[in-house]
Amino acid sequence: MILPFTIFHIIVLIISPRLASAQDVSIAQYGCNSTCGTFSVPFPFGMDEPHCYAHKWFEIECKLGRNSSDIPKPYLKSLNLEVTDFNTDSSIVEIMSPIYHSNCQNNKNSSNSNKIVTLRDSPFIFSQADNTFLAVGCNNLAFLQSNGTTVGGCVSICDDDNNFNIGSDGCNGRYCCKTSLPSHLSEFNATIRGLSEQSSDGCVYALIASDYWITLDNSYMSNYEIEILNELKNKEYAPAMLEWEILNDMLINSTFQLPPNCYDSNVTSLSNGNTGRQCRCSYLDGQYYGNPYLAGHCPDREYHFNKNNRWKKWVIVGISSSLGSIGFLIGLLFLYKFLKRRMIKKRKENFFKRNGGLLLQKRMSSGEVNIDRTTLFTLKDLKKATDNFNKDRVLGKGGQGTVYKGMLVDGKIVAVKKFKVEGNVEEFINEFVILSQINNRNVVKLLGCCLETEIPLLVYEFIPNGNLFEYLHDQNEDIPMTWDMRLRIATEVAGALFYLHSVASQPIYHRDVKSTNILLDEKYRAKLADFGASRIISIEATHLTTMVQGTFGYLDPEYFHTSQFTEKSDVYSFGVVLGELLTGKKPISSTSRSGESQSLASYFVQCMEENMLFDVIDKRITKGGEIEHITAVANLAFRCLEMNGRKRPTMKEVTLELEGIMGLNKKLNAQQNHEEIELSGIEEYQPWDGYSASNSLPIVSSQTQSTD
């Protein structure tokens, strides 16, 4: 009779180890209502009484929705935003964000000016990691704006018949386009402008959309997702994700005290300083339990496991009464470990195949990838290097993914890039193949990759001093961007592009030359980075025909109209970078008069044609640079920005001209330094030997007289 009892407990132990650990925990403050319609409202959010929420920013108003349904819905009262989901474990709340329309029949009367979402001074920001800026329509430019400044945008074009027809090949600029959000976005509105002088063709709309609500894969879109995009023209709101924290000033003179399971955060900080706190319960048995913002509502880890161990003790008592049962348990244990190892191995193999491992191996064997300069890292090594991809190690986020700072076991500092979209490995494989063939001191060095993860990883050398965009436009007074430094950086980037176009074994078009992709090492030398959009072409080819892809302000207008990317398209983008170095202005900025967006390229060309160069030149470089040298570089930038690509110089010609100007600049500096040394030598010499012992007259004077 003992044996069946023992086997029963074994089955309970294997199948349901969490039966004894489930707890019913409250999500709201004691005595507070936590229900609004079909929603549960967790603390620090709350309703009715002030003690039911942490601060007025978290006050929830339960009222009928905008569509006048009979079911009340929660709203953030201070912001008048409808809430559709709360997640206290990740400190994220889902809200209904406005959709901006243009020429849409069902939204003719909706005013876009009344739809600006402002989160300033609040503990909320739009989550960069969980949202995408999206625009749908024909032949339009959609601009993402914040505080009156354009911070992003994208372009979508249609076929010649202008029939709006989203395909299943992703949201990549054909009928539909997307871009990632900037960090710390606290205000959002959108403007839509047609590509021609007239308005956009047909109905066009733009919005910030939650990645959990609709997945805009780069290579495939399901019929359901296409249907969602088409229906947006008839809707006024769509889900978006807000990230939040408990601000430090909320805790001053407040009766609310955070529990001990909270940590410092910088969600709303633009300078990475500590601005608040976030809380989290322990991760037990594959999920979170309790409300981390309520004291005593996170289950105690020791109590949790002790409660499970009581059941295990009963199992052990039953097993000890039967040798057969013990053998059965040991057999199950070995079987479990064997199956687990096999499952992990199979999973890694599947990830390896899905992330392009077989394709990568094929390219390695064919000689496309230089295996001598690359390493296949294990996931264990990279987790240890990045402290399990700790968010405090994040160096930056972009459209392709997130970059983490890490330290390998040999002490080497590296940058680990985690790609954003799993399953879409084209950009990953492309960047790996290209960088493995490049050996140039002004191109970021690829160290290796990891393919046994759900999301592929690339490992680069660590570049410590950020990117050129930050140093140009944030005006770091500690390291001023002098004329000599700007000229050297321009020459180094030009040399790197010349190498890609003409020196590499096969020509490489970068396709995304911009100041944010120019990194600065410990000696502030330029390193060209981000080759996800780059392409290797045959030596005989003159251009690459592809869907228009690039960054506003740097995009070659000839490529935009013809979809044919040439080496002169990289030259145009480099011309914009030269314009940034000369003027200190951003590639796209708002004019002071009208507030409309204006490209630096067109403004710079206009100033050159009207002989107003020094009205736009950065005043910080006119002090240290010769007018002749600055003018020579400006004329070179002007030629790079020619609308006709054939009239632009090659990167070889650009490099030689910049090296010539740099040589003259060095010669002039050396001459000036020599003259300063001679003058200082005379000044030091005169007090001691400059007087005659007999008549106390300066020797210099007597020499002058004798010469005459």
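This text follows the structure it describes.
As the structure is a computational prediction, the values presented were derived from the model and not from experiment.

*Asks:* Is there a simple way to explain the pairing of strand β4 (residues 72-76) in this structure?
*Replies:* The side chains of a regular strand alternate between the sheet's two faces. Across the five residues of β4, four count as buried, placing the element largely inside the fold. Relative to β4, strand β3 (residues 60-64) is paired through five bridges, and the arrangement is antiparallel. For Glu61, the partnering residue across the bridge sits in β4 and is Tyr75.

*Asks:* How should the packing of helix α9 (residues 483-503) against helix α11 (residues 567-583) be read in this particular structure?
*Replies:* To describe two helices that pack against each other, one gives the angle between their axes and the distance between the axes. At a minimum axis distance of 11 Å, the contact between α9 and α11 shows a crossing angle of 175°. Considering their axes alone, α9 and α11 lie roughly antiparallel with respect to each other. Facing α9, whose interface residues are Trp483, Arg486, Ala490, Val493, Ala494, Leu497 and His501, α11 presents Glu567, Asp570, Phe574, Leu578, Glu580, Leu581 and Leu582. Here the residues of the contact of α9 with α11 sort into nine nonpolar, one polar and four charged.

*Asks:* Would you mind going over the state of the cysteines with me for this structure?
*Replies:* Here, the word disulfide means a covalent bond between the sulfur atoms of two cysteines. Counted by the stated rule, this structure contains seven disulfides. Across the disulfide from Cys104 sits Cys203; the S-S distance is 1.9 Å. Since a negative S-S torsion denotes a left-handed disulfide, the Cys104-Cys203 link at about 80° is right-handed. Pair noted here: Cys104 is in the loop between β7 (100-102) and β8 (117-118) and Cys203 is in strand β15 (residues 201-210), with a separation of 99 residues, a long-range link. The structure places no disulfide on Cys450, whose sulfur is separated from the nearest cysteine sulfur, that of Cys449, by 7.4 Å. Assessed through its relative accessible area of 0%, Cys450 is described here as buried.

*Asks:* Any chance you could explain the nonpolar core here in plain terms?
*Replies:* Burial of nonpolar side chains together is a common tendency in soluble globular proteins. By size, the foremost hydrophobic cluster in this structure holds 68 residues, and its most contacted members are Ile438, Phe574, Leu582 and Leu658. Here this core gets 11 residues from one element, more than from any other, and that element is α9.

*Asks:* Would you explain the packing of aromatic side chains in this entry?
*Replies:* The full count for this structure, using the stated rule, is 14 aromatic pairs. Centre to centre, the rings of Tyr509 and Phe565 are 5.8 Å apart; their planes meet at 45°, and the pair counts as tilted. Here Phe565 lies in strand β33 (residues 564-565) and Tyr509 lies in strand β28 (residues 508-509), a separation of 56 residues in the sequence. For the pair Tyr509 and Phe565, one class covers both residues: buried. A connected cluster of aromatic rings, assembled from ring pairs, spans Phe45, Phe58, Phe86, Phe124, Trp244 and Tyr293. It is Lys63 that lies over the ring of Tyr75; its NZ or CZ is 4.5 Å from the centre. Looking at Arg511, its charged tip hangs above the ring of Phe565, at a distance of 5.7 Å from the centre.

Parameters at a glance
Residues numbered from 1 in each chain as written. Predicted model: local features only at pLDDT ≥ 70, side-chain atom pairs only at ≥ 80, totals over all residues. Heavy atoms only, no water. Buried < 20%, exposed > 50% of the residue type's maximum accessible area, 1.4 Å probe, protein only. Helix = DSSP H or I, 4+ residues; strand = E, 2+ residues; numbered from the N terminus. Pairing = 2+ DSSP bridges. Axes fitted to C-alpha atoms, helices over the stretch in contact; angles between N-to-C directions. Parallel < 35°, antiparallel > 145°, perpendicular 65-115°, else oblique. Contact = heavy atoms within 4.5 Å. Nonpolar A, V, L, I, M, F, W, Y, C, P; charged D, E, K, R; others polar. Disulfide = S-S within 2.5 Å. Core = buried A, V, L, I, M, F, W, Y, C linked by side-chain atoms within 4.5 Å. Phe/Tyr/Trp six-rings, centres within 6.5 Å; stacked < 30°, edge-to-face > 60°. Lys NZ or Arg CZ within 6 Å of the ring centre and 35° of its normal.

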